[in-house]
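Commentary on secondary and tertiary structure
For reference, the chains in residue letters:
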Amino acid sequence: MRRYAAVVALFLLAGCTTGPSLETRGKVTAPPHDSGRLTVGSAGFTESDLLAQMYALLLRQAGYRTSVLTVANRELYEPALESGQIDVVAEYAATFADWLAAKSDGPDAATVGSPDLAATMKALRKLATPRGLTVLDPGRAEDRNAFAVTGEFARRHHVRTLSDLGRSGLRVRLAAGDECVRRPSCAPGLRKTYGIRITGVDPKGVGTTQAKRAVQSGRDQMVLTTTTDATLDAFGLVPLADDKHLQNADYVVPVVNRSRAGSARVARTLDALNTTLCTGDLAAMNQQVDSWRRLPEDVARTYLKDKGLLK
């Protein structure tokens, strides 16, 4: 999500780092409105670029003037969404719910995202509404955490699920982000829910090439990646099923600024994509960008045309 969008520099830093003040709360809770010009936000990674491009193309077809703006972290683009500098963004239900909870109640806020999509959406909408945000219905596509091992490791030890790995008693060094050591859905959850003997976390990032190579070479035994990672085959890796549903419901969900993009027309336009796009589709498009070096806008347009969503 880098090349074709206007890239934000530091235009947000002064006025967008906090939530609405008491003086502006009335604007934030204003009724839905429909602006003719909509800015779609991208978080600066391939999948977010693809989703932003698809949103922009569909909204343009529906009669809006659209542009795509890349803001590479949630700490900047979420306040911009509240203020109306960004009107629409693709989010992930459980992750965004937990992020808003921490923003409201501090870093020690209770986790509100869960494997239950309905409960997660209820919590997310409760947190988003006072900030002037409307959370539209989630789609079929889900980008949640996943754990993969080499195909050779899986065959040799007869493991297909995380439960199998726990029962094996094997010692496992996990290639992941450094936050994995404390996140309930990562190392602590693997130990508690599945009984997996995690001996350490190798801080190589989530689904990075370096992390996958560490597992491919045998330095580590398992990698933290995501369900839309289409490059596992290239490294000889296979995902293990999360058969006890440790991971939260991170379905793709559009979030809009209610006062600028809260109309039924916007919701209908984006829902057409939600009901079509599935996890496998998103993984395949990620692969076209990351492995085949196609532009996200071209991949997005081709997909929408192939599905009959774009003329």
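Residues numbered from 1 in each chain as written. Predicted model: local features only at pLDDT ≥ 70, side-chain atom pairs only at ≥ 80, totals over all residues. Heavy atoms only, no water.

Some remarks on the packing of aromatic side chains
Note the threshold: Here is the rule: rings of Phe, Tyr and Trp (six-membered ring for Trp) pair when centre to centre is within 6.5 Å. Planes less than 30 degrees apart are stacked, more than 60 are edge-to-face, and the remainder are tilted. For helices the rule is a DSSP run of H or I covering at least 4 residues; for strands it is a run of E covering at least 2, with both sets numbered from the N terminus onward.
Inspection of every chain in the model, using the stated rule, returns 1 aromatic pair. Consider the rings of F96 and W99, whose centres lie 6.5 Å apart with planes at 15°: the pair is stacked. Here F96 pairs with W99, and both are found in helix 4 (residues 93-105), just 3 residues apart, close to one helical turn.

Describing the sheet that holds strand 10 (residues 237-240)
Defined as follows: Strands are treated as partners if at least two bridges between them are detected by DSSP. All axes are obtained by fitting lines to C-alpha atoms, using only the stretch in contact for helices, and the reported angles, taken between N-to-C directions, cover 0 to 180 degrees.
Judged by pairing direction, the sheet is mixed, and its 5 strands sit side by side in the order 8-7-9-6-10 without closing on themselves. Each edge of the open sheet is held by one strand with a lone partner, namely strand 8 (197-203) and strand 10. Across the sheet, the mean angle separating the axes of adjacent strands is 40° when strand polarity is ignored. Sheet analysis places strand 7 (residues 171-176) next to strand 9 (residues 222-226), joined by 2 bridges and oriented parallel. Residue pairing for strand 9: A175 is matched across the bridge by V223.

Overview of the packing of helix 2 (residues 46-61) against helix 13 (residues 296-306)
As a reminder of what qualifies: Throughout this description, any angle smaller than 35 degrees is read as roughly parallel, any larger than 145 degrees as roughly antiparallel, any in the 65 to 115 degree range as roughly perpendicular, and the remainder as oblique. By definition, turning the near helix anticlockwise from the far helix through less than a right angle yields a left-handed crossing, and turning it clockwise yields a right-handed one. We call two residues contacting when some pair of their heavy atoms lies within 4.5 Å. Here the term charged refers only to Asp, Glu, Lys and Arg, the term nonpolar to Ala, Val, Leu, Ile, Met, Phe, Trp, Tyr, Cys and Pro, and the term polar to all other amino acids, Gly among them.
Where helix 2 contacts helix 13, the axes come no closer than 8 Å and their chain directions differ by 55°. With respect to their mutual orientation, helix 2 and helix 13 come out oblique. The two elements helix 2 and helix 13 meet at a crossing, and its hand is right-handed. Residues D49, L50, Q53, M54, L57 and L58 of helix 2 touch helix 13, and the partners they reach there are P296, E297, V299, A300, R301, Y303 and L304. Grouping the amino acids of the contact of helix 2 with helix 13 by side-chain chemistry returns 9 nonpolar, 1 polar and 3 charged.

Here's the deal with helix 5 (residues 117-128)
Rules: The span you would expect from a helix comes to 1.5 Å times its residue count less one. To sort residues, take the accessible area from a 1.4 Å probe on protein chains only and compare it with the maximum for the residue type: under 20% means buried, over 50% means exposed, and anything in between is partly exposed. This arc is taken over the directions from the axis of the helix to the C-beta atoms.
Helix length check: helix 5 (12 residues) gives 16 Å between terminal C-alpha atoms against 16 Å at 1.5 Å per residue, within 8%. Every buried residue of helix 5 is accounted for by T120, M121, A123, L124, L127 and A128. Angularly, the buried residues of helix 5 cover 165° about the axis, an arc narrow enough to put them on a single face. The outward face of helix 5, more than 90 degrees from its buried face, is lined by the exposed residues A118, K122 and K126. Of the surrounding secondary structure, the elements contacted by the buried residues of helix 5 are helix 4, strand 5 (133-135) and strand 11 (252-257).

Quick look at helix 2
Taking 1.5 Å of rise per residue, 16 residues should cover 22 Å, and helix 2 covers 23 Å from first to last C-alpha, within 8% of that figure. Summarising burial for helix 2: 14 of the 16 residues are buried, a large majority. One or two steps after helix 2, the chain reaches G63, where phi turns positive at roughly 110°.

Quick look at unusual backbone geometry
The phi dihedral of H158 is positive, around 55°, even though this residue is not glycine. Its place among the elements puts H158 in the loop between helix 6 (151-157) and helix 7 (162-168).

Structural notes on the pairing of strand 2 (residues 37-42)
Put simply, the rule is: Crossover handedness is defined here as right-handed if the route from the first strand over the helix to the second strand goes clockwise, with the strands pointing away from the viewer.
Taken across its 6 residues, strand 2 has 5 buried, putting it largely inside the fold. Sheet analysis places strand 2 next to strand 3 (residues 65-70), joined by 6 bridges and oriented parallel. Across the sheet, residue G41 finds its bridge partner in strand 3, namely L69. As a crossover connection, the stretch from strand 2 through helix 2 into strand 3 is right-handed. When strand 2 meets strand 4 (residues 88-92), the two strands line up parallel, connected through 2 bridges. Following the sheet pairing, G41 is matched in strand 4 by V89.

Things to note about the nonpolar core
Let me state the cut-off plainly: The criterion is simple. A nonpolar core is a set of buried Ala, Val, Leu, Ile, Met, Phe, Trp, Tyr and Cys residues joined through side-chain atoms within 4.5 Å.
The biggest cluster of nonpolar side chains holds 34 residues, and the ones touching the most others in it are M54, L273, L277 and L304. Those elements giving two or more residues to this core turn out to be strand 2, helix 2, strand 4, strand 11, helix 11 (264-274), helix 12 (279-290) and helix 13. A total of 9 residues in this core trace back to one element, the largest contributor, which is helix 2. For L304, the contacting residues outside a window of four places in its chain are M54, L57, L58, L273, L309 and L310. One finds V71, Y77, A128 and V253 within the second-largest nonpolar core, a separate group that totals 23 residues.

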